[in-house]
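Structure assessment
Here is how the chains run, residue by residue.
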Amino acid sequence: MSFEQFNFHEPLRRALRRMEFEDPTPIQVQAIPPALEGRDVLGVAQTGTGKTAAFVLPSLQRLHADGARRRGPRMLVLAPTRELALQITDDTRQFAQYTDLRTAVIYGGAPLGRQTDQLRQGVDLVIATPGRLMDHMERRNVRLDDVQILVLDEADRMLDMGFLPDIESIVRRTPAERQTMLFSATMPSAIQALSYRFMKKPVRVEIDNARPPEAIRQQIYPVPKHLKQSLLIALLRQKDVESALVFTRTKRHADVVARKLRQAGVSVTEMHGGFSQKDRGQALDRFRSGKARVLVATNIAARGLDIDGISHVVNFDVPDEAEDYVHRIGRTARVQAHGVAWTLVSPDDEPQIMAIEYLLGEKIERVFLTGFEYAVPSPDWAKPSVKAILRSPSGPQGALSRWKSLTR
Ligand code: AMP
């Protein structure tokens, strides 16, 4: 199957040739035909499947046919984070490079001035995070009366982040006669409810979400909790680890892991919800440009990132939700590449691993790193009791220095 069959206008075909897109991905095969007909589309797909092109290409086809008007936006895409908004904008501008359509990107954490100018000069497409778009609406910088196509991308993430009231206000300001497309990695009941309210007889398109691409090699490294950090360092030092995204459960863990990696001489950068937009952008740039080989991130910060060429994803902490495991490891092995996903698993994590394997419908391979010293006792087991310190033949000083040598 090729892109030819969609009969896109020449400027879009030219862009696809330039971008070396030859065959549509499964979500594109399913979503583009109904979207071209103007039907509502409910897509269950995560980042990395090619979903951006699935909603952008048919929309550009429709907007290009009507010509560039550059008044209020005729297409509005809502996305949860600045990073995702920027990625969608990059893709859209590439697809639209041979058309006259103009795209503005609107997100928080950046000055209002330039965004205001862009909106006031008139645009065809707006890609926005909900909070900042609300700001501009309240300042009357943008009207949504001309919106013909509305896209909610990573809708589950937007709900998790508390954007529902903003989304409702925004959708209310768009014309009822519009095409709506909603994409979500998961389909909890809150998203289904949203789709009933905002969409008319949507065509549901889905790619097998719970099954990660075959190109990802998944491995579990069983390891006692107190050795996770040193195992991580040993794993990242292996030659074939070109770039790695390391996930932690909490911001505090991300800080500690990044610090220890830095101390071990690994070039590392980090990103979590406690970072400003600017710092997140800088961390991402450092990682994308290869200045940092490792990016340590919490789940929230890393969701939806489109970073090409990550060779390894490492779950330093096992995710709480089995579905998050699939999202996380989806960061590696993008459309045509291959990747490796490692999960460091201590005995406490076994119940979560069982849930993940149940979701995947298969066991994940267990492996051990040869040459790694697994027998180092935990500092907690070795911690001497007060009695032992007092009775120690080398005296309290000797007992403590022995303990310190084990904890180092
Ligand atoms: P997405 O899921 O939209 O974030 O897309 C993931 C990556 O795959 C992006 O870098 C796209 O540029 C790329 N991509 C999407 N569709 C195709 C395709 N049909 N052929 C080649 N690359 C694609």
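Refer to the preceding data block for the structure.
This section reports on the structure supplied with the text. These figures come from a predicted structure and were not determined experimentally.

Moving on, we come to the packing of helix H1 (residues 10–18) against helix H3 (residues 51–66). It is the contact of H1 with H3, at a shortest axis distance of 10 Å, that shows an interaxial angle of 145 degrees. Residues Pro-11, Leu-12 and Leu-16 of H1 form the contact with H3, whose participating residues are Leu-57, Leu-60, Gln-61 and His-64. The class makeup of the residues in the contact of H1 with H3 is 5 nonpolar, 2 polar and no charged.

What follows covers the sheet that holds strand E6 (residues 179–184). Paired through their backbone hydrogen bonds, the strands of a sheet run either parallel or antiparallel. With parallel pairing, 7 strands are arranged side by side in an open sheet as E3-E4-E2-E5-E6-E1-E7. The strands lining the two open edges of the sheet, one partner per strand, are strand E3 (103–106) and strand E7 (203–206). This sheet shows a mean twist of 15 degrees between the axes of neighbouring strands, independent of strand direction. Note: strand E1 (residues 41–44) against E7, 4 bridges, orientation parallel. Its bridge partner lying in E7, Val-41 is registered against Val-203. Running at roughly 165 degrees to E7, helix H2 (residues 26–36) makes contact with E1, E6 and E7 of the sheet.

The subject of this paragraph is the pattern of salt bridges. Enumeration over the complete set of coordinates arrives at 17 salt bridges. Glu-206 is the partner of Arg-204 in a salt bridge, and the nearest nitrogen-oxygen pair spans 3.2 Å. Arg-204 sits in the partly exposed class, given a relative accessible area of 42%. Overlapping salt bridges, with partners in common, bring together Glu-4, Glu-10, Arg-13 and Arg-17 in one network.

How each quantity is defined
- Residues numbered from 1 in each chain as written.
- Predicted model: local features only at pLDDT ≥ 70, side-chain atom pairs only at ≥ 80, totals over all residues.
- Heavy atoms only, no water.
- Axes fitted to C-alpha atoms, helices over the stretch in contact; angles between N-to-C directions.
- Helix = DSSP H or I, 4+ residues; strand = E, 2+ residues; numbered from the N terminus.
- Contact = heavy atoms within 4.5 Å.
- Nonpolar A, V, L, I, M, F, W, Y, C, P; charged D, E, K, R; others polar.
- Pairing = 2+ DSSP bridges.
- Salt bridge = Lys/Arg side-chain N within 4 Å of Asp/Glu carboxyl O.
- Buried < 20%, exposed > 50% of the residue type's maximum accessible area, 1.4 Å probe, protein only.

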